[in-house]
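Residues per chain are reported as follows:
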Amino acid sequence: MTRSDLVEELAARFSQLTHRDAEYAVKTILDAMSDALVRGHRIEIRGFGSFSINRRPPRMGRNPRSGESVAIPEKRVPHFKPGKALREAVDKRTAEIEAGTRP
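Structure report, in brief. (Residues numbered from 1 in each chain as written. Predicted model: local features only at pLDDT ≥ 70, side-chain atom pairs only at ≥ 80, totals over all residues. Heavy atoms only, no water.)

With that settled, consider the overall build of the protein chain. The secondary structure content of the protein chain amounts to three helices and five strands. When its helices and strands are written in sequence order, the protein chain yields α-α-β-β-β-β-β-α. Taken over the C-alpha trace, the protein chain has a radius of gyration of 20 Å; the compact-globule value for 103 residues is 13 Å, which it surpasses by more than 25%. Along the longest, intermediate and shortest principal axes, the C-alpha atoms of the protein chain span 55 × 45 × 30 Å. Counting every position in the protein chain, which comprises 103 residues, the buried fraction comes to 15%. Considering only intrachain contacts with a sequence separation of at least 6, the fraction spanning at least 24 residues in the protein chain is 29%. Within the structure as shown, the protein chain displays about 8800 Å² of accessible surface, and the carbon and sulfur contribution to it stands at 55%. (Helix = DSSP H or I, 4+ residues; strand = E, 2+ residues; numbered from the N terminus. Rg over C-alpha atoms; globule rule 2.2 N^0.38 Å. Buried < 20%, exposed > 50% of the residue type's maximum accessible area, 1.4 Å probe, protein only. Contact = heavy atoms within 4.5 Å. Areas by Shrake-Rupley, 256 points an atom, 1.4 Å probe, with all protein chains shown as cover.)

Here we take up the pairing of strand S4 (residues 69–72). Regular strands place side chains that alternate from one sheet face to the opposite one. Bridge count for strand S3 (residues 59–62) against S4 is four bridges, and the pairing is antiparallel. Each bridged residue has a counterpart across the sheet, and for Arg62 the counterpart in S4 is Ser69. Counted along the chain from S3 to the antiparallel partner S4, the turn is six residues long, and its residue Gly67 has a positive phi close to 85°. (Pairing = 2+ DSSP bridges.)

Before going further, it helps to examine the nonpolar core. Residues Met33, Ala36, Leu37, Ile43 and Phe51 constitute the largest nonpolar core, which totals five residues. Of the residues forming this core, the biggest block, three residues, is contributed by helix H2 (residues 19–38). Once residues lying within four places of it in the same chain are set aside, the contact partners of Ile43 are Met33, Ala36, Leu37, Gly49, Ser50 and Phe51. (Core = buried A, V, L, I, M, F, W, Y, C linked by side-chain atoms within 4.5 Å.)

Along the chain, the position of Ser52 falls in strand S2 (residues 49–56). Excluding its chain neighbours within four sequence positions, the residues that come into contact with Ser52 are Leu37, Arg42, Val77, Pro78 and His79.

What follows concerns H2. With 20 residues, H2 extends 28 Å from end C-alpha to end C-alpha; this agrees with the ideal 28 Å at 1.5 Å per step. Phi for Gly40, located one or two positions after H2, is positive at around 90°. (Expected span 1.5 Å × (residues − 1).)

This part is about the packing of aromatic side chains. Under the definition given, this model contains two aromatic pairs. Aromatic side chains Phe48 and Phe80 sit 5.4 Å apart centroid to centroid with 45° between the ring planes, which places their arrangement in the tilted category. Remark: Phe80 occurs in strand S5 (residues 75–82) and Phe48 occurs in the loop between strand S1 (43–45) and S2; sequence separation between them is 32 residues. For Phe48, a relative accessible area of 36% gives the class partly exposed. Take Phe80: its relative accessible area is 31%, and that puts it in the partly exposed class. Considering the side-chain rings of Phe51 and Phe80, the 4.8 Å spacing of their centres and the 45° angle between planes classify their relative orientation as tilted. In this pair, Phe51 is assigned in strand S2 and Phe80 in strand S5, connecting sequence segments 29 residues apart. Relative accessible area serves as the criterion here: at 18%, Phe51 is assigned to the buried category. Taken together, the ring pairs connect Phe48, Phe51 and Phe80 into an aromatic cluster. (Phe/Tyr/Trp six-rings, centres within 6.5 Å; stacked < 30°, edge-to-face > 60°.)

Take a look at the structure:
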């Protein structure tokens, strides 16, 4: 699902929202989540999952073309951990789909 798919789904589910309002709502939520992660906060959405920042320590890598060693600096990357309800729902629906398609 892409961002535009999410906007379309929101506009379809809530007929009182125009496409522009749905787009603004999605943009506002994603911007707020991004800002929270940039500030180092953790985002927890019950039943869905949590977003946090993980630290990747500096390390030595290798340039695949020349083979020389390259220092890779420390990075902070976003991490998503699905909640129990989401994990179970995905597992159940995936199992149902697989059971329905197999002879």
